[in-house]
Each structure stands twice: as structure tokens, then as C-alpha cells.
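# Results of the structural survey
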Amino acid sequence: MTTPTTDAVRTALRDAVATSLRAPSEHNAQPWRWVLGPDHVDLHIERGRRLPFTDERGHGVLLGCGCALHHLRVALADRGWHAVVRHQPEGPEGRPLARVRIRPAGGAVDEDAHRQAAAIDRRHTDRRRFSSRSVPPDVLGAVADAARPFGGVLHVAFGAHRTMFADAMREAAERQRDHEGYAAELYRWTHRYAGARDGIPAGARLEGPPPSYRDLVLRWFPQGTLRQPGGGMDHEDASMLAILTAVDEEPVSVLRAGESLSAVLLEATALGLATTPITQVLEVEETRERLRHLVVGAHRPPVVALRLGWPSDRAAPLHPTPRRPLDLVLTEVD
Ligand SMILES: Cc1cc2nc3c(=O)[nH]c(=O)nc-3n(C[C@H](O)[C@H](O)[C@H](O)COP(=O)(O)O)c2cc1C
């Protein structure tokens, strides 16, 4: 196999970073920055894009960066490259979270990567009511399997666990509303200056009061324009609740759990499911601790919750949320 030129490597990395920008992130803050070197690309946290009042522990930022890293991997694999990723603990200012080098993968097309890459532009956070059709176990199993290569485990909550999970979500929504700085931060990321290309636009936020589906209460975003399917409360929502756990709470493990989150979301999208990532219930200490002991046992920390379901037949297509352009996110060095 011939060694690829530096130009070919840099072009492949640059193109994959461009694709990675579609990754989800809390409040669409896009807390990542990439630096392209001669034979690698580095992923950094963009510190000014943290959410200090909402995401006090900084897990949301690491999860968002992990999602971007996984999107990058998928884009590379889909184009015939094998990525070698070195994760690093968060260190002094300037040290990257991860360094990615690539080499030609050779051999057959990676079908999983191809399917997930095709889902990148189709994946959107959907906060609307889902269909009344339940998600069968084999589909849930396929989605859960996607988490494993990056150390994440997806636990789906049934029966009494589901009830307690939903109760914790409701309580978290009430408690977080009163946290200092939370409302101002929410306002900041939902009312961006013209041309900002980040934050959650009105078209991704539901109109009306906080959405409540059966036993579920989701995070409320102000003054949206997104309509429920069919315009009203005319069918039951059969969404499933799941929680993704990490190996531990070290930054590298949370970053890798972000890769698991991205893999789960892309796999779910490829299978036709609608998804809502949810961290609110884990951002409030009381409800986080309850979930950790109740749903998954104390040995693996929960890092992000997920709502999964079939989209309603009457749901209008969602519009993509904005992203900052490549030249603001990627620095090239020789
Ligand atoms: C770590 C993380 C946490 C999130 N938490 C929530 C949440 O609690 N509630 C919610 O409605 N959306 C949540 N989201 C979804 C983001 O708001 C969404 O990804 C972002 O606005 C970009 O939109 P998109 O996913 O449609 O591309 C979260 C996303 C990530 C990656």
C-alpha cells in the first residue's frame, strides 16, 4: 500500500472536521475547536463555550466534544480511512483532549460507518411527541450495541424504573429552574445575536408550555415555534427512556461516553428512530444521585439520558440547527 501524501491526509482530516460540525452539543454551544497539523488533527475544548450554570461539572462540554470526535471517526471511516485516536486527560491550557492520526483502511467498505455517516445529516434533536408505536427489543438492542466500542453502556428503563426515572426528570426540571444563573444562560443560548450560527433556534423549540408526554417532562426552552405533529394532543407518546453510563467520571471516560452517545444517536437515526438527548436530570445533584443508585447501581456513573421512539407519521421534517463555519472552528498549522 502506498503512503498517502501529506496533502491527502490534511484534505481528508479537513473534510472530516467539516462533517463533524453536525455533532450535537448541549444548547448547541459547539464547545469544540480543531487544530490541523501536518499529519494529525487535535480536538480542544473551546472554553468560552462552556455552560457554567447549567453544566456545572463540565460533563456536557466533554460529551459534546466526544460527539464531534465520533462524527469525525465515522466520516473518516466512510471515506476509507482508519483513525488512530489518542485521548488525553484534560491538562494545562493548550493540551488537546484528543489527537487523531489516520492511515488508509484498505479492504472492504465499513458498512456500519457508511450507515452512520448517512445518518449524520438526518439526525436532529426532536422534542415533539413521538408515535404511539413502541420500539421492539431487537431495535433497542442494536442501538445499545453501538455504545459499547467506546466504553458506554445504554440501559433502557422499564416498569418501576421508568416511573422513577420520569419522576426524577420532572423534579429536575422544577429544581433547575431556580438554580442561580440557569435562566439567564438558557436565555443567552436561545436568543442569539443575528448571524451567530449557534444556540437553539425558535424552530427547534416547541411552542407553548413545557412539553409533557404521558409521564415525561422535558427541559423547557422559551418561546419556540415548533408545532406538535397534527397540531394537538391527539395520540399517546410511546417513547422509551434510556440512560448511558460511562466507565467512571474521569474526563477521558466522559469524552469517550460522548463518542458512545454519538454512535447511539446515529445508529438510532439510521434505524428510523427519533431521539432527544437529555442531561437536565443529571445536572441536578439530588436527581442524579437517585438515578445512579436506582437505575444502574452505583458502580457506573450515568452521564446522559436519552428519549427514543418512532417519529409520528404526521411530524413535519425538522430543519437543521445552525453550526459555526469551518474557518471559525479549525486552525491550520504547518
Ligand atoms: C450532552 C448533550 C446534552 C443535551 N441536553 C439536552 C437536554 O437536556 N434537553 C434537550 O432538549 N436537548 C438536549 N440536547 C440537545 C441539544 O440541544 C442539541 O443537540 C443542539 O441544540 C443541536 O441540535 P441538533 O441535535 O438538532 O443538531 C443535548 C445535547 C447534548 C450533546
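Residues numbered from 1 in each chain as written. Predicted model: local features only at pLDDT ≥ 70, side-chain atom pairs only at ≥ 80, totals over all residues. Heavy atoms only, no water.

## Quick look at the layout of surface pockets
What the largest pocket holds in volume is close to 570 Å³. Around the largest pocket, the lining comprises 33 residues; the ones closest to its centre are S25, H27, T125, R127 and P277. Looking at the lining of the largest pocket, the elements that each hand over two or more residues are α2 (59-78) and β9 (274-278). Size it by volume and the second largest pocket reaches roughly 410 Å³. As for the second largest pocket, its lining consists of 19 residues, and the residues nearest its centre are R73, A77, D110, A113 and F150. Counting only elements with at least two residues in the lining of the second largest pocket, the list comes to α2, β3 (81-87), α3 (111-119) and α7 (251-270). Broken down by element, the lining of the second largest pocket gets its largest block of residues, five residues, from α2. Both domain 1 (6-121 + 322-332) and domain 2 (137-309) contribute no fewer than three residues apiece to the lining of the second largest pocket. (1 Å grid on protein atoms, 1.4 Å probe; cavity = no way out; pocket = protein on both sides within 12 Å on 5 of 7 lines; lining within 4 Å. Points joined across faces, edges and corners; volume = space filled by probe spheres on them. Helix = DSSP H or I, 4+ residues; strand = E, 2+ residues; numbered from the N terminus. Domains from an automatic or database assignment.)

## A closer look at the packing of aromatic side chains
Here the structure, examined in full by the defined rule, presents zero aromatic pairs. Lying across the ring of W189, R192 places its NZ or CZ 4.1 Å from the centre. The ring of F130 has R307 sitting right over it, with the charged end atom 3.6 Å from the ring centre. (Phe/Tyr/Trp six-rings, centres within 6.5 Å; stacked < 30°, edge-to-face > 60°. Lys NZ or Arg CZ within 6 Å of the ring centre and 35° of its normal.)

## Comments concerning the domain arrangement of the protein chain
Once the domains are mapped, the protein chain shows domain 1 (6-121 + 322-332) and domain 2 (137-309). Placing a centre on the C-alpha atoms of domain 1 and another on those of domain 2 gives a separation of 22 Å. Facing the 39 residues of domain 1 at the interface are 41 residues of domain 2. Between domain 1 and domain 2, a total of about 3300 Å² is buried, with carbon and sulfur atoms accounting for 62% of that surface. It is H27, F53 and L63 in domain 1 that bury the most area against domain 2; as a group they hold 21% of the surface buried on that side. The interface formed by domain 1 and domain 2 contains five salt bridges. The tally of links between domain 1 and domain 2 comes to 16 residue pairs in polar contact (both at pLDDT 80 or more). Counting residues per element, the ones that place at least two in the side of domain 1 that touches domain 2 are α2 and α3. (Contact = heavy atoms within 4.5 Å. Buried area = accessible area lost by both parts, 1.4 Å probe. Salt bridge = Lys/Arg side-chain N within 4 Å of Asp/Glu carboxyl O. Polar contact = N/O pair within 3.5 Å; in protein donor to acceptor, adjacent residues only side chain to side chain.)

## As for the packing of helix α4 (residues 137-147) against α7
In a packed pair of helices, the relevant descriptors are the angle between the two axes and the axis-to-axis distance. Remark: α4 packs on α7, axes separated minimally by 7 Å, with the N-to-C direction vectors making an angle of 150°. By the angle between their directions, the pair α4 and α7 is classed as roughly antiparallel. Judged by the sense of rotation from one axis to the other, the crossing of α4 with α7 is right-handed. From α4, A142, V143, A146 and A147 reach across to α7, where they touch S260, A263, V264, E267 and A268. (Axes fitted to C-alpha atoms, helices over the stretch in contact; angles between N-to-C directions. Parallel < 35°, antiparallel > 145°, perpendicular 65-115°, else oblique. Left-handed = near helix turned anticlockwise from the far one by under 90°.)

## Some thoughts on the pairing of strand β10 (residues 302-309)
Burial analysis of β10 places eight of its eight residues in the buried class, which makes it a mostly covered element. The sheet contact formed by strand β8 (residues 240-245) and β10 spans six bridges and is antiparallel. Looking at β10, one finds that M240 is bridged to L308. Alignment of β9 against β10, held across five bridges, turns out to be antiparallel. Residue P277 lies in a different strand from β10, and its bridge partner there is L306. (Buried < 20%, exposed > 50% of the residue type's maximum accessible area, 1.4 Å probe, protein only. Pairing = 2+ DSSP bridges.)

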